[in-house]
Amino acid sequence: MASDILQEVTVDEIPRVLEAMKKDWPQHFLLHQFVSILEEYHKENIQNPKQVLYKYGDFEDGVYIVKSTFAIGAESVSLIYPYTTAADYTEFSKVLSETTRIPWTEKFMFEVTARRLMPTIQQVSAAKGCDLGTEEGATLFLPPESDIENKLLPEDVYLGSLDEHHVAEVNENWPFKYPGSEKFVALQIQNNFGLGLFRKSDNKMLSSSVSFHSGGIFILYSNPNFRSRGYGEVIIREMAKEIRRQGRIPFGNIMTENIVSTKLFNKMGFKEYYKSVYLFPKKLFNFAVLKHCKCCIKGLLHLILTTTHQQLT
């Protein structure tokens, strides 16, 4: 059996990938972050998601694919992060065309992908008969030289780590929960971390966020009855502090239409890393429903994993 054009990067080779991505730092930080977390997962023997790093070409200018496959009950979905430092996409196109590592006929998504790669991905996917939908936005990151303000918390609240006792509430607050999403949330909190802002008088959770396998800030939530009090800003700031403490670069991905969040992240010192896009097979879900749900890209997991295509409520 012929070997695939994309070869799995061995544990011993990972340090070479990380070193190559430090060139012109932080230009390639997101691949570096995906790979460093993948390395940590392997050391901790985390099996869900199953993560594999593939490479074609040399370490500096080759083509990389980070594949994270989540098992959610009887279902699974592969999140694909493609990257290349090369300015010419000929090799990138060749890899996408020839590899069998991308499950074109199964449930998958290209996540937080640099928009410069979108035309090539679409061209190859069309040739394979896979019609991809897209959601565009921007990935914003906090540059390493930027300071994070040390502000006192409001007197009536306290900051706490999320654990298994908060999973149900975080999932319930997620507008795009789906059958099995509680398991997905539990995995992200267990494998990474999450923070909540709680009212001292009754321990009510007022705002929260969870970090994912890419090291970013996701599932950002503020109780609608307590908005305009700066709680969202507090959570973003504290999430960024913890991500920095772990030796990573804080980032978030914001959809084009979400002007409020873009302004908030910019106010806090986040800068645009690149224009981003998520790409996903249209045939796997009700595309009309998705167009109604642009405010949270992670809602795509709902639509991909829910095979009955139920309408969101």
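Scroll up a little and you will see the structure.
All values derive from a computational prediction rather than experimental measurement.

Cut-off values and rules
Residues numbered from 1 in each chain as written. Predicted model: local features only at pLDDT ≥ 70, side-chain atom pairs only at ≥ 80, totals over all residues. Heavy atoms only, no water. Core = buried A, V, L, I, M, F, W, Y, C linked by side-chain atoms within 4.5 Å. Buried < 20%, exposed > 50% of the residue type's maximum accessible area, 1.4 Å probe, protein only. Contact = heavy atoms within 4.5 Å. Pairing = 2+ DSSP bridges. Helix = DSSP H or I, 4+ residues; strand = E, 2+ residues; numbered from the N terminus. Axes fitted to C-alpha atoms, helices over the stretch in contact; angles between N-to-C directions. Phe/Tyr/Trp six-rings, centres within 6.5 Å; stacked < 30°, edge-to-face > 60°. Lys NZ or Arg CZ within 6 Å of the ring centre and 35° of its normal.

### A short note on the nonpolar core
Formed by 70 residues in total, the largest nonpolar core has its most connected members in Leu-30, Tyr-81 and Phe-110. When near neighbours in sequence (up to four residues on either side) are disregarded, Phe-110 contacts Ile-80, Pro-82, Ile-102, Trp-104, Ile-121, Leu-132, Val-277, Tyr-278 and Leu-279. Counting 22 residues, the second-largest nonpolar core is a separate cluster that includes Leu-140, Tyr-231, Val-234 and Ile-254.

### Considering the sheet that holds strand S10 (residues 217-222)
Here we have four strands laid out as an open sheet, ordered S7-S8-S9-S10, and antiparallel in their pairing. Only two strands of the sheet have a single neighbouring strand rather than two, namely strand S7 (157-161) and S10. The average undirected angle you get between the axes of adjacent strands in this sheet is 15 degrees. Alignment of strand S8 (residues 193-199) against strand S9 (residues 205-211), held across six bridges, turns out to be antiparallel. Paired with Leu-197 across the two strands is Ser-207, which belongs to S9.

### Remarks on the packing of aromatic side chains
In this structure the tally under the stated criterion is 17 aromatic pairs. When the ring of Trp-104 is compared with that of Phe-110, the centres are 6.0 Å apart and the planes differ by 55 degrees; the resulting orientation is tilted. A relative accessible area of 9% places Trp-104 in the buried class. Considering the side-chain rings of Tyr-273 and Tyr-274, the 4.5 Å spacing of their centres and the 35 degrees angle between planes classify their relative orientation as tilted. Exposure remark for Tyr-273: the relative accessible area of 14% places this residue in the buried category. Here Tyr-274 falls in the buried class, since its relative accessible area comes to 11%. A network of ring pairs unites the aromatic residues Phe-29, Phe-70, Phe-141, Trp-174, Phe-184, Phe-212, Phe-218, Phe-251, Tyr-273 and Tyr-274 as a single cluster. Here the basic side chain of Arg-116 rests over the ring of Tyr-83, its NZ or CZ set 5.5 Å away from the ring centre.

### Points about unusual backbone geometry
The linkage connecting Trp-25 with the following residue, Pro-26, adopts the cis geometry, with an omega of 5 degrees. Look at the link from Asn-48 to Pro-49: it is a cis peptide, with omega at 15 degrees. By the secondary structure assignment, Pro-49 is in the loop between helix H2 (29-43) and strand S2 (50-56). Unlike most non-glycine residues, Asp-24 shows phi in positive territory, near 55 degrees. Considering the arrangement of structural elements, one finds Asp-24 in the loop between helix H1 (14-21) and H2. Classification of Asp-24 as partly exposed rests on a relative accessible area of 48%. One non-glycine residue with positive phi stands out, namely Asn-203, at about 65 degrees. Tracing the backbone shows Asn-203 in the loop between S8 and S9.

### Quick notes on the environment of Met-255
Among the secondary structure elements, Met-255 is positioned in strand S11 (residues 251-255). Taking relative accessible area as the criterion, Met-255 reaches 4% and is therefore assigned buried.

### A few points about the environment of Phe-59
By the secondary structure assignment, Phe-59 is in the loop between S2 and strand S3 (63-72). Since its relative accessible area comes to 9%, Phe-59 is described here as buried. With 45 residues separating them along the chain, Phe-59 and Ile-14 place their C-alpha atoms 9.9 Å apart. Those residues in contact with Phe-59, other than ones at most four positions away along the chain, are Glu-13, Arg-16, Val-17, Ala-20, Met-21 and Tyr-64.

### Structural notes on the sheet that holds strand S1 (residues 7-8)
The strand order S1-S2-S3-S4-S5-S12-S6-S11 describes an open sheet built from eight strands, whose pairing is mixed. Because the sheet does not close on itself, it has two edges, and the strands there are S1 and S11. Relative to strand S12 (residues 271-281), strand S5 (residues 108-114) is paired through three bridges, and the arrangement is antiparallel. Note that in S12 the partner of Ala-114 across the bridge is Ser-276. Lying on the sheet, H2 is in contact with S2, S3, strand S4 (75-84), S5, strand S6 (132-141), S11 and S12; it crosses S2 at an angle near 130 degrees.

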